[in-house]
Amino acid sequence: MTALVTFGETMLRLSPPHGERLETTRELEARAGGAESNVAVGAARLGVDAAWFSKLPDSPLGRRIVSELRSHGVRTGVSWADPETTRLGTYYLEHGGEPRGTSVIYDRADAAITTVTPAELPTGVFETAERFHTTGITPALSESTAETTRALLRAAGEAGMSRSFDLNYRSKLWSPEAAREAYEELFGEIDLLFAPYRDARTVLDREGKAIEVAHGLAAEFDFETVVVTRGEKGAIALREGEVHRQPVFEAETVDAIGTGDAFVAGFLAKRLRGGDVADALEWAAATAALKRTVGGDLAVVTPEEVEAVVDGGGGIDR
Ligand SMILES: O=C(O)C(=O)C[C@H](O)[C@H](O)COP(=O)(O)O
């Protein structure tokens, strides 16, 4: 039975081989990428029965997304749209080492999901599912995605599910002011907040240490749990007044995209498997570290690998 439901856009990610530039490459590698399906895939790979809700054009491109996600064990609750009038969002990703940095070009305007409504999605599973997750990218896409996000969060709450939200601010989609207004409208429906420290500062105007940010947000919006992530500086979680700290596990980075989503996947998977917040933070950090060693957006990992990282493993297994 489905335990975790996520909702959001998944795009086709097109990237030149490492070391090649978008301007000159002759090859583009195609993979599925989207914050919420990244979380569903990571959780499914870690043993959770996970589903992803979205809307896609009924075309070879839309079906390609579904088959890639299903190949990792994710159930898909997709509304299929007329391919003549809608499209699949894409994003171009050029990996660049220092000092160039990695760059993303979105081509996602008018994607099928921008017209989604709650009635188009199979919300009957909320009756038995345990957790619902979405991110701050989804309400940025259109008025319909913002309304559907609100409606799904409310329906999930009415069904007794625990609801999580990752701020995931994307400056290429909207301004900090617009994002803040949309986030604050949703906060009353959220139990667990994942707040990248940078987003808490830029969008929510928070100041001070991560722990102060967590306390401030929990007090103001009544979240049950707040997780603040600080990249290489690790993460902290605040739940019922108790603070948990988690350093990062070292990783050799092949592809950093999807690290934040892998963190969330590890956290939610461990909670759904019965772990407490401290265990979940460890799994989150370990899953994030493993993701960095894998190409693509997806955390193609196993529970055993996560346990090995938590236990200080690595090296050559032979
Ligand atoms: O930007 C968007 O709209 C996407 O969904 C693209 C990416 O797949 C995720 O955002 C990855 O995010 P990180 O886990 O923070 O690296």
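That block above? That's the structure.
Residues numbered from 1 in each chain as written. Predicted model: local features only at pLDDT ≥ 70, side-chain atom pairs only at ≥ 80, totals over all residues. Heavy atoms only, no water.

## Considerations on the pattern of salt bridges
This model, assessed by the stated rule, comprises 22 salt bridges. Note that aspartate 107 and arginine 87 form a salt bridge whose closest N and O atoms lie 3.1 Å from each other. On the criterion of sequence distance, the pair formed by aspartate 107 in strand S7 (residues 103–107) and arginine 87 in the loop between strand S5 (75–81) and strand S6 (90–94) is long-range, its members being 20 residues apart. On the accessibility criterion, arginine 87 (29% relative accessible area) is partly exposed. Of the charged contacts, one joins arginine 180 and glutamate 184 as a salt bridge, the two residues approaching to 3.1 Å between their closest N and O atoms. Remark: glutamate 184 and arginine 180 occur in helix H5 (residues 176–186); sequence separation between them is 4 residues, near one turn of the helix. Since its relative accessible area comes to 31%, glutamate 184 is described here as partly exposed. Because the salt bridges share partners, they merge into one network encompassing Arg154, Arg163, Glu189 and Asp191. (Salt bridge = Lys/Arg side-chain N within 4 Å of Asp/Glu carboxyl O. Helix = DSSP H or I, 4+ residues; strand = E, 2+ residues; numbered from the N terminus. Buried < 20%, exposed > 50% of the residue type's maximum accessible area, 1.4 Å probe, protein only.)

## Examining the packing of aromatic side chains
The full count for this structure, using the stated rule, is 10 aromatic pairs. Taking the centre distance of 6.1 Å and the plane angle of 5° together, the rings of phenylalanine 53 and phenylalanine 126 count as stacked. Highlighted residues: phenylalanine 53 in strand S4 (residues 50–57) and phenylalanine 126 in the loop between S7 and strand S8 (131–135), separated in sequence by 73 residues. For the residue pair phenylalanine 53 and phenylalanine 126, the accessibility class agrees, reading buried in each case. A centroid spacing of 6.4 Å and a plane angle of 65° characterise the contact between tyrosine 91 and tyrosine 106, whose relative ring orientation is edge-to-face. Of this pair, tyrosine 91 sits in strand S6 while tyrosine 106 sits in strand S7; the two residues are 15 residues apart in sequence, bridging distant segments of the chain. (Phe/Tyr/Trp six-rings, centres within 6.5 Å; stacked < 30°, edge-to-face > 60°.)

## Some thoughts on the site of the ligand
Taken together, the neighbourhood of the ligand is formed by 17 residues, with Tyr106, Arg108, Arg170, Gly258 and Asp297 sitting nearest. Taken by itself the ligand offers 400 Å² of open surface, and the protein chains cover 88% of this. Broken down by secondary-structure element, the contributors of at least two residues to the shell around the ligand are helix H1 (35–45) and helix H8 (259–272). Top contributing element to the shell around the ligand by residue count: H8, with 3 residues. Its residues assigned to classes, the shell around the ligand shows 7 nonpolar, 6 polar and 4 charged. (Near = heavy atom within 4 Å. Areas by Shrake-Rupley, 256 points an atom, 1.4 Å probe, with all protein chains shown as cover. Nonpolar A, V, L, I, M, F, W, Y, C, P; charged D, E, K, R; others polar.)

## Thoughts on the side chain of serine 142
Examined against the element boundaries, serine 142 turns out to sit in the loop between helix H3 (138–141) and helix H4 (143–158). The class for serine 142 is buried, based on a relative accessible area of 18%. Engagement of the side chain of serine 142 in a polar contact is seen with the backbone oxygen of threonine 114, the distance being 2.8 Å. Side-chain polar atoms of serine 142 contact the backbone nitrogen of serine 144, separated by 3.3 Å. (Polar contact = N/O pair within 3.5 Å; in protein donor to acceptor, adjacent residues only side chain to side chain.)

## Topic: the sheet that holds S5
Strand pairing in a sheet relies on backbone hydrogen bonds. The paired strands run either parallel or antiparallel. An order of S5-S4-S1-S8-S9-S10-S11-S12-S13 is seen for the 9 strands of this open sheet, with the pairing classed as mixed. Edge positions in the open sheet fall to S5 and strand S13 (242–246), since each of these has one partner strand only. Neighbouring strand axes in the sheet, compared pairwise and without regard to direction, differ in orientation by 15° on average. Of the strand pairs in this sheet, S8 and strand S9 (residues 162–166) are connected by 5 bridges, and their pairing is parallel. Within S9, the position partnered with threonine 135 by the bridge is aspartate 166. (Pairing = 2+ DSSP bridges. Axes fitted to C-alpha atoms, helices over the stretch in contact; angles between N-to-C directions.)

## Some points on the packing of H8 against helix H9 (residues 277–292)
Remark: H8 packs on H9, axes separated minimally by 7 Å, with the N-to-C direction vectors making an angle of 145°. Once H8 is placed against H9, the crossing between them reads as right-handed. Contacts between H8 and H9 involve Thr259, Ala262, Phe263, Gly266, Phe267, Lys270 and Arg271 from the former and Val277, Asp279, Ala280, Leu281, Trp283, Ala284, Ala285, Thr287, Ala288, Lys291 and Arg292 from the latter. Taken together, the residues of the contact of H8 with H9 sort by class into 10 nonpolar, 3 polar and 5 charged. (Left-handed = near helix turned anticlockwise from the far one by under 90°. Contact = heavy atoms within 4.5 Å.)

## Notes on H1
In terms of burial, H1 is a largely internal element, 10 of the 11 residues being buried. Taken together, the buried positions of H1 are Ala35, Glu36, Ser37, Asn38, Val39, Ala40, Val41, Gly42, Ala43 and Ala44. Within two residues after H1, glycine 47 carries a phi angle of roughly 95°, on the positive side.

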